[in-house]
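Structural description and commentary
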Amino acid sequence: GENVEQHPSTLSVQEGDSAVIKCTYSDSASNYFPWYKQELGKRPQLIIDIRSNVGEKKDQRIAVTLNKTAKHFSLHITETQPEDSAVYFCAAGDDYKLSFGAGTTVTVRA
Amino acid sequence: NAGVTQTPKFRVLKTGQSMTLLCAQDMNHEYMYWYRQDPGMGLRLIHYSVGEGTTAKGEVPDGYNVSRLKKQNFLLGLESAAPSQTSVYFCASSLSSGAYEQYFGPGTRLTVT
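Below, the structure is looked at part by part. This is a predicted model, so every value here is computed, not measured.

In terms of nonpolar packing, the biggest core is built from 23 residues, with A:Ile21, A:Tyr25, A:Phe33, A:Trp35, A:Phe73, A:Leu75 and A:Tyr88 touching the most fellow members. Broken down by secondary-structure element, the contributors of at least two residues to this core are strand S2 (10–14), strand S3 (19–25), strand S4 (32–38), strand S5 (45–51), strand S7 (62–67), strand S8 (72–77), strand S9 (86–93) and strand S11 (104–109) of chain A. Discounting chain neighbours no more than four positions away, the residues touching A:Leu75 are A:Ala19, A:Val20, A:Ile21, A:Trp35, A:Ile47, A:Ile48, A:Ile62, A:Ala63 and A:Tyr88. B:Met19, B:Cys23, B:Trp34 and B:Val66 belong to the second-largest nonpolar core, a separate cluster that totals 18 residues.

This is the structure we're talking about:
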């Protein structure tokens, strides 16, 4: 099955700086790559996703890039704000199911 | 429109007891999922369903059973609970494929003593 590795496991950034989280996947059949944000005690919520026919996608301060050849994808958050502090999960999947990375705890220092 | 709901929110079981977690969605989604979330391990798929009357095993299915008798409901059963099943359980649903946004429920925190 699919194996998703996520790095780093923790990330501390100064407010206003950028944050980058990287993920690799193993199954070349995966065609969907979402990113979820989970605040403490809350449910995961989708923040951005990308499909295998697209190399990059941006939504305001958040961007995701995908390199299918190398089987890795990344999340970029620019101009970080305190409300960006949360756990972020990457995932990779096909038409039926997703496999999630272990998560990155992002702390934005004021 | 409540989205995805889960009952109960919290539960404490003794080893060997059984219980059923209920997930309900009112978005007419075809696909539904059960995950468990443990510290440092992300979300791991237990079982999933691609439509009413169908179920399939995920990454960690042992010790769990599921049923999808109605499109809007997905039940997760523990026949004989073990301490290793202490976890937070999330249900999710998606419109018509795994390659669409999954909407998560609020979670059920289960402790097995």
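Residues and elements named next belong to chain B. Here 4 strands make up an open sheet; going across it, the order is S1-S3-S8-S7 and the pairing antiparallel. Each of the sheet's edge strands pairs with one partner strand only, and the pair in question is strand S1 (4–7) and strand S7 (65–67). On average, adjacent strands in this sheet sit at an angle of 20° to one another, irrespective of strand direction. As judged from the 6 bridges shared by strand S3 (residues 19–25) and strand S8 (residues 73–78), these two strands associate in the antiparallel manner. Bridging across to S8, Thr 20 finds its partner in Gly 77.

This next bit is on the pattern of salt bridges. All names here are of chain A. If you walk through the whole model with that rule in mind, you get 7 salt bridges over all chains. Between Glu 39 and Lys 37 there is a salt bridge, with the nearest N and O atoms lying 3.7 Å from each other. Taking the relative accessible area as the measure of exposure, Glu 39 reaches 37% and is therefore partly exposed.

The rules behind these values
Residues numbered from 1 in each chain as written. Chains lettered and ligands numbered in written order. Predicted model: local features only at pLDDT ≥ 70, side-chain atom pairs only at ≥ 80, totals over all residues. Heavy atoms only, no water. Core = buried A, V, L, I, M, F, W, Y, C linked by side-chain atoms within 4.5 Å. Buried < 20%, exposed > 50% of the residue type's maximum accessible area, 1.4 Å probe, protein only. Helix = DSSP H or I, 4+ residues; strand = E, 2+ residues; numbered from the N terminus. Contact = heavy atoms within 4.5 Å. Pairing = 2+ DSSP bridges. Axes fitted to C-alpha atoms, helices over the stretch in contact; angles between N-to-C directions. Salt bridge = Lys/Arg side-chain N within 4 Å of Asp/Glu carboxyl O.

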